[in-house]
Amino acid sequence: MGNFSMVSVAQLSSLKRVFASRVLCLSLVFLGAPVVIYAQSSFDTGAKQFAQGKYQDALNSFYAAEGSGMKEAKLYYYVALCNQQLKNYDRARLLFQYVVKQFPGTDAANLSAQALGGSLSTQPATSATASAQPQETTIPFSSNHFARHILVNVLVNGQPVTMLLDTGASYTTFAQSVLTKAGIKIPTVKNAMRVVGVGGESSVSVGRVMIQFGEISQLVPICIQDDTIPGTASSMPLLGQSFLSAFNYEIDYRSRTVRVVRIKPESVEKPKRGVASRPRDNNAVPFHRDGNLIEVTAKINGRECDMILDTGAESVAFSDKTMAALGLNVPTNSNRSYASGVGGRREGYSFSLDEVQLGPIVKKYVRASSANYMAISKPLLGHSFLEGTAFTVDNEAHVIRFYP
């Protein structure tokens, strides 16, 4: 049985009593498209299927719960048990270890340690235990010849993958062909939700993978696009907010590095929609979240404008509707262009803005683009403005700190 200690029926019954049902309804948002899924209902269904010995069905239900936002110890413990029963021993061991390290002192951690044969401590984390899991790491990034995006090399379930670090993506997203090429096979819930991106709307499956970013590993729910349908998938895997929101992270375009520092989930106070404190530091810009996305108030040609911080956008990007709302017109000397992303691409125009300002950063003649019928609710503050800067996204204080 892969050197695991089997958990007794009595222990499972005790665990189920400890984990009293709490209804949890979360809204999944991908570029402004809310999809409501009831995570607790999916978890309860999975628990029943597990008790009936339907381990693969239970696994699919648990992944649906995770895709809906549930990230509790009991969920990952049951996922580990399902993998154990399905003889995926390496995956089960990784998950049992994850529960012990990330949820110390819980019943799920105690039972996970028992399943591992007691090789890991079941007591609350001491300073030595806490230090065993790296809390921060720094890695270099690169760009390609066609676009100046932030490209990082990570491990996905142990396989090397190059991803685009995209603060404007609510969820970490893969095309199915990328996972297949890398030899990454994961159970998924097919067509679990619909997402909206620059190019339009598409249906995606959901699953979860372990992403190793430098020295830090994080279990991450992902969206998977079927790119056998032309024009529906992003060409590059997107490392989005489902990964980034667990960290404070520094992006330095000058040294071409990204530094992430793990934060405790309970330390992040979720602000009300549209509320952000005004920091005293002149180099700090407050932000709030629209769903998972980071929204800031910038100035375009002197006019205030709510925008989405988007390292995945090549330029400052508008839909035709958002341009009209700002009273902006496409200049007569603009060039025809295309905006590509999740859902396909849209025809539009490229041009230059006289001035864009965010906090202490003021830039003249900034590259911009617009796309007809682009399905985004707010303009995107992309690379043409951010290039050459260095800043930290502080998810605990809800500010972006720019460095001189």
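For the structure, see preceding data.
All figures in this text were calculated on a predicted structure; none of them were measured in a lab.

1. Let's talk about the overall build of the protein chain
The helix and strand inventory of the protein chain stands at 11 helices and 23 strands. The buried share among the 404 residues of the protein chain stands at 51%. For the protein chain, restricting intrachain contacts to residue pairs at least 6 apart in sequence, the fraction spanning at least 24 positions comes to 63%. When the accessible area of the protein chain is evaluated, it comes to approximately 18,400 Å², of which 50% is carbon and sulfur surface.

2. Notes on the pairing of strand β5 (residues 159-165)
Judged from the 6 bridges that link them, strand β4 (residues 151-156) and β5 form a sheet pairing that is antiparallel. Note on β5: the bridge partner recorded for leucine 151 is leucine 164. One ladder, built from 2 bridges, connects β5 with strand β10 (residues 238-239); its direction is parallel. Bridge pairing in β10 links leucine 164 to leucine 238.

3. A word on helix α3 (residues 55-67)
With 13 residues, α3 should cover 18 Å at 1.5 Å per step; its first-to-last C-alpha distance of 18 Å lies within 8% of that length. Taken together, the buried positions of α3 are Ala58, Leu59, Ser61, Phe62, Tyr63, Ala64, Ala65, Glu66 and Gly67. Backbone geometry just downstream of α3 places glycine 69 in the positive-phi region, at approximately 115 degrees.

4. Observations concerning helix α4 (residues 73-85)
Across its 13 residues, α4 extends 19 Å between first and last C-alpha, which sits within 8% of the 18 Å expected from 1.5 Å per residue. In terms of burial, α4 is a largely internal element, 12 of the 13 residues being buried. Residue lysine 87 follows α4 closely and has a positive phi angle near 65 degrees.

5. As for the pairing of strand β16 (residues 303-309)
For strand β15 (residues 293-300) and β16, the ladder comprises 6 bridges, and the chain directions are antiparallel. Paired with valine 296 across the bridge in β16 is methionine 307. The loop that links β15 with its antiparallel partner β16 comprises 2 residues; one of these, asparagine 301, has a positive phi angle of about 50 degrees. In this sheet, strand β21 (residues 380-381) lies alongside β16 in parallel orientation, the contact comprising 2 bridges. Bridge pairing links isoleucine 308 to leucine 380 in β21.

6. Let's talk about the side chain of serine 369
Relative to the helices and strands, serine 369 resides in strand β20 (residues 361-371). For serine 369, a relative accessible area of 17% puts it in the buried group. In terms of polar contacts, serine 369 uses its side chain to reach the side chain of serine 315, at 3.2 Å. For serine 369, the contacting residues outside a window of four places in its chain are Ser315, Val316, Ala317, Phe318, Tyr349, Ser350 and Phe351.

7. Quick notes on the environment of threonine 297
Mapped onto the elements of the fold, threonine 297 is located in strand β15. Judged by relative accessible area, which is 38%, threonine 297 ranks as partly exposed. In sequence terms threonine 297 and proline 286 are 11 residues apart; their C-alpha atoms lie 8.3 Å from each other. If sequence neighbours within four positions are ignored, threonine 297 has contacts with Glu304, Cys305, Asp306 and Leu358. In this structure the side chain of threonine 297 is engaged in a polar contact, spanning 3.0 Å, whose partner is the side chain of aspartate 306.

8. Comments concerning the sheet that holds strand β3 (residues 136-140)
Sheet strands pair via backbone hydrogen bonds, and the direction of the pair is either parallel or antiparallel. Ordered in space as β3-β12-β11-β22-β23-β13, the 6 strands form an open sheet in which the pairing is antiparallel. Lying at the two open borders of the sheet, with one neighbouring strand each, are β3 and β13 (284-286). The average undirected angle you get between the axes of adjacent strands in this sheet is 15 degrees.

9. Some remarks on the packing of α4 against helix α6 (residues 107-115)
Contact geometry of α4 with α6 gives a least axis separation of 9 Å together with a crossing angle of 25 degrees. What the angle tells us is that α4 and α6 run roughly parallel. Here the hand of the crossing between α4 and α6 comes out left-handed. Contact with α4, carried on its side by Ala73, Lys74 and Tyr77, involves Ala108, Leu111 and Ser112 of α6 and no other residues of that element. Of the residues assigned to the contact of α4 with α6, the class counts are 4 nonpolar, 1 polar and 1 charged.

10. Thoughts on unusual backbone geometry
Its identity is not glycine, yet tyrosine 365 carries a phi of approximately 50 degrees, on the positive side. Looking at the secondary structure, you find tyrosine 365 in strand β20. We note that histidine 398 has phi near 60 degrees; this positive angle belongs to a residue other than glycine. Tracing the chain through its elements places histidine 398 in the loop between β22 (390-394) and β23 (399-402).

11. Considering the environment of valine 161
Following the sequence through the fold, valine 161 ends up in strand β5. Residues valine 161 and valine 178, spaced 17 residues apart in sequence, show a C-alpha to C-alpha distance of 8.5 Å. When near neighbours in sequence (up to four residues on either side) are disregarded, valine 161 contacts Val152, Asn153, Val154, Val156, Phe174, Val178, Ala182, Ile184 and Pro237.

12. Side note on the pattern of salt bridges
In this structure the tally under the stated criterion is 9 salt bridges. The partner of glutamate 136 in a salt bridge is arginine 259, and the shortest N-O contact between them spans 3.1 Å. Residue glutamate 136 is found in strand β3, and its partner arginine 259 is found in strand β12 (residues 257-262); the two are separated by 123 residues along the sequence. Taking the relative accessible area as the measure of exposure, glutamate 136 reaches 40% and is therefore partly exposed. Taking relative accessible area as the criterion, arginine 259 reaches 30% and is therefore assigned partly exposed. Through salt bridges with shared partners, a single network forms among Asp290, Glu295 and Lys378.

Calculation notes
Residues numbered from 1 in each chain as written. Predicted model: local features only at pLDDT ≥ 70, side-chain atom pairs only at ≥ 80, totals over all residues. Heavy atoms only, no water. Helix = DSSP H or I, 4+ residues; strand = E, 2+ residues; numbered from the N terminus. Buried < 20%, exposed > 50% of the residue type's maximum accessible area, 1.4 Å probe, protein only. Contact = heavy atoms within 4.5 Å. Areas by Shrake-Rupley, 256 points an atom, 1.4 Å probe, with all protein chains shown as cover. Pairing = 2+ DSSP bridges. Expected span 1.5 Å × (residues − 1). Polar contact = N/O pair within 3.5 Å; in protein donor to acceptor, adjacent residues only side chain to side chain. Axes fitted to C-alpha atoms, helices over the stretch in contact; angles between N-to-C directions. Parallel < 35°, antiparallel > 145°, perpendicular 65-115°, else oblique. Left-handed = near helix turned anticlockwise from the far one by under 90°. Nonpolar A, V, L, I, M, F, W, Y, C, P; charged D, E, K, R; others polar. Salt bridge = Lys/Arg side-chain N within 4 Å of Asp/Glu carboxyl O.

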